[in-house]
Amino acid sequence: MTTQFTRLPIRLLLALILSSIQVKALAQTCQHEMPATEAYKEAVFFYPCELSAPTPATTLTAGYNNTYRNLQWMAEAMADAGYVVLAMSPIDIYGDVPQWTAAHLGGQKTLIAENNRIDSPLKGKIDIERRGIAGFSMGGGGTLLAGSELQKDVKALAAFAPFLKAEDRLKVNVAVPTMILAGDRDLLVTNESIEEIYGRVTSAGVDNALAVYRNGRHQQWYRAEITTNRESYKAMAIAWFDLYLKGDKSAAKYLETIRKDVGTNEELLSRYELNIKQ
């Protein structure tokens, strides 16, 4: 199924906000700081405090000149939704995409190691067979490159305004369901670059989705005072992981509901494509 030009219905957005408030009232998010490694300079686990069984997990990074704190709002939302999230800052936040790729690759090893470590609060609570990767900007580029390297060792990818140089876009060869969220007014990650990156994803033959936000800008992701679209960003990312890490079929219905509203409203999304076999 392929869809363009749609809007997240206000009724669903309000339901999401109310649901988020209820989850926060019922569940508490814990944090567990990790020591630096050769792959990242800082990392913190965010997870539901009352974990009682192996739980899907993801690594998460922000972008250039960012630390994990710039995307902590996404980490906390995903933890609230029942995920173990390892949010990381690369060794050099002023470096290039390989820094973020290395962080994700190292972070994936940390997920496995922490699940096995005797004195870890997450011992036996990370489902190492259901791991994802998510990141913004250079972290989004790192998501796609790390995912291309790990292939089916991970189960889902979510790249937010992914930045990749032209020569690095050719390295995108993903093997698992991949979602891209982008903005049509993003001056750093242009529509042309997103088109090329998404073309690489679709040519891989995996389930995929592309949501391009009308008037979406790069700063909406990392600046604390700009929260435009963040509820939708959370909803889309969590739905994608719910579908492919948790096997929650209702998430497919959620994504399809957006598709069915094509042509009714165009204020939020200027482009929406959904290709899933569920």
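As the structure is a computational prediction, the values presented were derived from the model and not from experiment.

A. View of the overall build of the protein chain. Along its length, the protein chain carries 9 helices and 9 strands. Every one of the 278 residues in the protein chain was classed for burial, and the buried ones make up 56%. For the protein chain, the proportion of contacts with a sequence separation of at least 24, taken over those separated by at least 6, is 72%. Of the roughly 11700 Å² of accessible surface on the protein chain, a fraction of 51% belongs to carbon and sulfur atoms.

B. View of the sheet that holds strand β6 (residues 156–160). If you walk across this open sheet you meet the 9 strands as β1-β2-β4-β3-β5-β6-β7-β8-β9, and the pairing is mixed. At either end of the open sheet lies a strand with only one pairing partner, and these are β1 (29–34) and β9 (269–275). Taken over all neighbouring pairs, the strand axes of this sheet differ in orientation by 15 degrees on average, direction set aside. Relative to β9, strand β8 (residues 208–213) is paired through 6 bridges, and the arrangement is antiparallel. Residue Leu210 lies in a different strand from β9, and its bridge partner there is Glu273. Sheet contacts for helix α3 (residues 97–116): β1, β2 (40–48), β3 (55–61), β4 (84–90) and β5 (126–136); angle to β5, the most-contacted strand, approximately 155 degrees. Each of β3, β5, β6 and β7 (178–183) touches helix α4 (residues 138–150); the most contacted strand, β5, lies at about 140 degrees to it.

C. Highlighting the layout of surface pockets. Of the volumes computed, that of the second largest pocket is approximately 150 Å³. Around the second largest pocket sit Gly63, Tyr64, Asn65, Asn66, Phe136, Ser137, Met138, Phe163, Leu188, His218 and Tyr222, which together line it. Its residues placed into classes, the lining of the second largest pocket shows 6 nonpolar, 5 polar and no charged.

The rules behind these values
- Residues numbered from 1 in each chain as written.
- Predicted model: local features only at pLDDT ≥ 70, side-chain atom pairs only at ≥ 80, totals over all residues.
- Heavy atoms only, no water.
- Helix = DSSP H or I, 4+ residues; strand = E, 2+ residues; numbered from the N terminus.
- Buried < 20%, exposed > 50% of the residue type's maximum accessible area, 1.4 Å probe, protein only.
- Contact = heavy atoms within 4.5 Å.
- Areas by Shrake-Rupley, 256 points an atom, 1.4 Å probe, with all protein chains shown as cover.
- Pairing = 2+ DSSP bridges.
- Axes fitted to C-alpha atoms, helices over the stretch in contact; angles between N-to-C directions.
- 1 Å grid on protein atoms, 1.4 Å probe; cavity = no way out; pocket = protein on both sides within 12 Å on 5 of 7 lines; lining within 4 Å.
- Points joined across faces, edges and corners; volume = space filled by probe spheres on them.
- Nonpolar A, V, L, I, M, F, W, Y, C, P; charged D, E, K, R; others polar.

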